[in-house]
Amino acid sequence: MKAIIIPAAHCRQLPFYLAAEEWAARCLSADDDYFFAWQVSPTVICGRHQDMPLEVDMGYAAAHGIEVWRRKSGGGCVYADNNNVMFSYITANEAEGVSGTFGRYTSMICDMLAGLGIKAGPTGRNDVAVDGRKVAGNAYYRTAGRSIVHGTMLYDADMETMSHVLTPSRAKLESKGVKSVPSRITTLHAQGLALSCDEFVRYAVSALCDNVPVVMTADDVTQTERIMQSYLTPEFLHRTPAGRTDAENRQRIDGAGEICVGLTLDSDGRIDRMRLTGDFFATGDIESGIIRALKGCRLNKNEVESVLRDTGELIRGVDASTLAAIIAGAAHRPTTEN
């Protein structure tokens, strides 16, 4: 695996680094895997399908100068600052699939930590834990024929800010058996790591990568900045459609995450518009395979399941029958919105 060296800059916003992953996927040889580490000023990163105001205290973020961005992978919100490190891994290995790619990546991270005397193991859908508490959370998506895994590594953590700015649902916390975000995490510092954060980053890159890095040129940076523009549009950032919601349902599936459905129905009670949000991982095109496919469908489980069965599994860990039950269940949970 080769390290990507990004030219130093006074301050880069989070979308630049997400765009750098896409640049690597599009422009670098498929003969190698690639890895880089990065840090940002206080920032919340939301998953592709999440409803930001439900997951983030937007007022607190604005008042405390915390940026809020969206990534193109699924999963849940994370808070990042200079107390923790972000890792990006890009691979062309297509045969592994989502679970295989997560497994290989988390195994590499655990082996790297073992070299520092920290006994870590993969846990849940996508995390790395020490003594049952998360030290790293990761997300996955595919682009340009490559798989990308990116996530946090908690060197240290500002627990107070994290607990204020992240507002996950009670169901998500209860599924983890905890009452707050900080209560389910640990940090490398808390585990007794003697290295400084900069020393840890250098160690991680050297432990995971060979001695021949890819150094981004000025032209590479310009290409990355062009890709970055796709993360800055209001349509990508906010994603929640305007208008009324007639029915909604929310359910948490073990091993898959939280799925929230909001529906607008036409005069015949058929699905006109759908909002599908949550911290799940998509394995295909949600927009065409679920949302557009179900337009005009009657809101009953059999008909919804019949449509979804033809599209295959588009949400990791959720089959057509389970997803149809969640969507059809919205009929019994009319919204209180006007």
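Visitor: Before we move on, can you summarise the nonpolar core with the specific residues and values?
Guide: Counting residues in each nonpolar core, the largest one holds 80 residues, and the members touching the most others are Val44, Phe87, Leu113, Met153 and Phe200. Tallying contributions element by element places helix 1 (residues 14-27) first for this core, with nine residues. Non-local contacts of Val44, meaning those with residues more than four positions away in its chain, are made with Val56, Ile66, Glu67, Val68, Trp69, Cys77, Val78, Tyr79, Val165 and Leu166. Ranked by size, the runner-up nonpolar core spans 28 residues in total, among them Ile291, Leu294, Leu308 and Val318.

Visitor: Could you give me a rundown of the packing of aromatic side chains, with the residues and numbers involved?
Guide: Taken as a whole, this structure holds eight aromatic pairs when the rule is applied. With a centroid separation of 5.1 Å and an interplanar angle of 55°, the aromatic rings of Phe35 and Phe87 are classed as tilted. Residue Phe35 is found in strand 2 (residues 34-38), and its partner Phe87 is found in strand 6 (residues 85-91); the two are separated by 52 residues along the sequence. In this structure Phe35 comes out as buried when scored by relative accessible area, which is 0%. A relative accessible area of 1% places Phe87 in the buried class. Between Tyr89 and Tyr105, the ring centres sit 5.4 Å apart and the planes meet at 25°, which makes this aromatic pair stacked. Pair noted here: Tyr89 is in strand 6 and Tyr105 is in helix 4 (residues 97-114), with a separation of 16 residues, a long-range link. Exposure remark for Tyr105: the relative accessible area of 1% places this residue in the buried category. Each member of the aromatic cluster is reached from another via a ring pair, and the members are Phe16, Tyr17 and Trp38.

What counts, and at which threshold
Residues numbered from 1 in each chain as written. Predicted model: local features only at pLDDT ≥ 70, side-chain atom pairs only at ≥ 80, totals over all residues. Heavy atoms only, no water. Core = buried A, V, L, I, M, F, W, Y, C linked by side-chain atoms within 4.5 Å. Buried < 20%, exposed > 50% of the residue type's maximum accessible area, 1.4 Å probe, protein only. Helix = DSSP H or I, 4+ residues; strand = E, 2+ residues; numbered from the N terminus. Contact = heavy atoms within 4.5 Å. Phe/Tyr/Trp six-rings, centres within 6.5 Å; stacked < 30°, edge-to-face > 60°.

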